[in-house]
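# Notes for the structure review
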Amino acid sequence: MSFTFTTRLPLSRHAVDRDHLTRDLTELFDQLWADAATRLLPVWNGKILLAPPDATSTDATSTGVHLALLSPTSLHNAGLRVYLGRSLPADLPEPAGTRIVAVQLEDDAAARLEPDETRWAALRTVATVLDDRDAGLFTEALGVFNWHASHGHCPRCGAVTLVEEGGWVRRCPVDNSQVFPRTDPAVIVLITDADDRILLGSNAMWENNRYSLLAGFVEPGEALEAAVIREMSEESGLRVTDAAYVGSQPWPFPASVMCGFTARLVDDQQAHDLLPDGAEILALRWFSRKDLLDAGEWMLLPGPSSIAHAMIERWLGAPLPAATELIRP
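Described below are features of the structure shown in this document.

Criteria and thresholds
Residues numbered from 1 in each chain as written. Predicted model: local features only at pLDDT ≥ 70, side-chain atom pairs only at ≥ 80, totals over all residues. Heavy atoms only, no water. Helix = DSSP H or I, 4+ residues; strand = E, 2+ residues; numbered from the N terminus. Rg over C-alpha atoms; globule rule 2.2 N^0.38 Å. Buried < 20%, exposed > 50% of the residue type's maximum accessible area, 1.4 Å probe, protein only. Contact = heavy atoms within 4.5 Å. Areas by Shrake-Rupley, 256 points an atom, 1.4 Å probe, with all protein chains shown as cover. Lys, Arg positive; Asp, Glu negative; His and termini not counted. Charge placed at Lys NZ, Arg CZ, Asp CG, Glu CD. Pairing = 2+ DSSP bridges. Core = buried A, V, L, I, M, F, W, Y, C linked by side-chain atoms within 4.5 Å. Expected span 1.5 Å × (residues − 1). Polar contact = N/O pair within 3.5 Å; in protein donor to acceptor, adjacent residues only side chain to side chain.

Moving on: the overall build of the protein. Helix and strand content of the protein: 7 helices and 15 strands. Relative to the globule expectation of 20 Å for 329 residues, the C-alpha radius of gyration of the protein, 22 Å, shows essentially globular dimensions. Projected onto its principal axes, the C-alpha coordinates of the protein cover approximately 65 × 55 × 30 Å. Each of the 329 residues in the protein was classed as buried or not, and the buried ones make up 46%. Put simply, of all contacts in the protein between residues at least 6 apart along the chain, 67% involve residues at least 24 apart. Summed over all atoms, the accessible surface of the protein reaches about 16200 Å², with 52% contributed by carbon and sulfur. Here the protein contributes 27 positive and 45 negative side-chain charges, whose respective centroids are spaced 2 Å apart.

What follows is the structure, given as structure tokens:
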């Protein structure tokens, strides 16, 4: 296929200067709220408010799906806030350099702001139709809010931590230790055999007709390439070699970065030596390109927002059919 792999990963796109130095400003949010040019990004239950469709737009390349960016006066009694940075593009309604704050809303505040729940969208649903800036903003905001949800207390003493530095640090009031947002690296692997078939597995948490690439978390003290070999052996019983990195994508569900690799089955092992672990992976199958296309009527594949989708397309040499229905405003 004639595309650059990393540029097609929906959640890897960004057009925001995260402006980390501004996070240290005293009374940062007071300053931002006093600036009429600041824009707020409302987040509710992991969803973000979509802007109404622009009926006047003449841009044929636009999907018409955009995040709602609101003025500081539009939200009162805001909950947790995170400074996301400055917008870079100059061809959007907001000028380049616009400072953007994500605001987490409780149920009642979200209902007052927009009671029509179809205007609130999940990242998996709209990632592929947002522009680079909005995709990056949504991914950034969701990842940081997910971290806040699980790190409200000091891991050392259990004290309630204080949010500082624009929402990017939580500090323990007892010993002043700081906790920073974390990202858990995981490897996701496209394995091929001697016949250039790919291995797909069905996870115990999915429908029994949903298949994807095998993946797993990197353990402490482990290189990514070593994690590829270990995880594939644990989940499939296969030994792989020639692990080659192809790209990465943040996956804030809740806090991962997916590191994509290709690998091949070792020469001295048979492709039929499949041994699903029975706990996480319940079924494993090899697919040729024809097998994959023929299975389209019964098999569910990864959605277009995932790196797995892009990796399979890269191997297939053709687009996969759309896997999800978009929720539009």
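Moving on from the coordinates now.
Here we come to the sheet that holds strand S9 (residues 178-179). In spatial order, the strands read S7-S8-S9; together these 3 strands make up an open sheet with antiparallel pairing. With partners counted over all chains shown, the strands left at the sheet margins are strand S7 (162-164) and S9, one partner each. Inspection of the sheet shows strand S8 (residues 169-171) paired to S9 by 2 bridges, in the antiparallel sense. Residue pairing across strands places Arg170 opposite Val179, the latter belonging to S9.

What follows concerns the nonpolar core. A general tendency of soluble globular proteins is for nonpolar side chains to be buried together. Counting 53 residues, the largest nonpolar core has Leu41, Leu200 and Leu292 as its most contacted members. In terms of residue count, helix H4 (residues 132-150) provides more of this core than any other element does, 8 residues in total. Sequence-distant contacts of Leu292, defined by excluding residues within four places in its chain, comprise Leu200, Phe287, Met299, Leu301, Ile312, Trp315, Leu316 and Leu320. With 19 residues, the next largest nonpolar core counts Val228, Cys259, Leu265 and Leu284 among its residues.

The next thing to look at is H4. Counted at 1.5 Å a residue, the expected span for H4 with its 19 residues is 27 Å, and the 28 Å between its end C-alpha atoms agrees. The N-terminus of H4 is capped by Asp131, whose side-chain oxygen sits 3.3 Å from the backbone nitrogen of Arg133.

The element helix H7 (residues 307-316) is largely enclosed, with a buried count of 9 among its 10 residues. Considered for burial, the residues of H7 that qualify are Ile307, Ala308, His309, Ala310, Met311, Ile312, Glu313, Trp315 and Leu316. Buried-residue contacts for H7 involve strand S10 (184-192), strand S11 (198-203), strand S13 (240-251), strand S14 (256-265), strand S15 (281-287) and helix H6 (289-294). Looking one or two places after H7, you find Gly317, whose phi comes out positive at around 80 degrees.

Here we come to the sheet that holds strand S1 (residues 16-17). The 6 strands are arranged S1-S4-S5-S2-S3-S6 in an open sheet whose pairing can be described as mixed. A single partner strand is all that each edge strand has here, and the edge strands are S1 and strand S6 (120-122). Of the strand pairs in this sheet, strand S2 (residues 39-44) and strand S5 (residues 99-104) are connected by 5 bridges, and their pairing is parallel. The partner of Val43 across the bridge, within S5, is Gln104.

What follows is about the pairing of strand S4 (residues 81-87). Most of S4 is tucked away: 5 of the 7 residues are buried. Relative to S5, S4 is paired through 5 bridges, and the arrangement is antiparallel. Bridge pairing links Arg86 to Arg99 in S5.

Before going further, it helps to spend a moment on the environment of Pro304. Within the secondary structure, Pro304 is located in the loop between H6 and H7. Of the residues examined, Pro304 reaches a relative accessible area of 22% and is grouped as partly exposed. A C-alpha to C-alpha distance of 8.4 Å links Pro304 and Ala127, two positions 177 residues apart in sequence.

It is worth stressing that arrangement in space is one thing and function is another; only the former is reported here.
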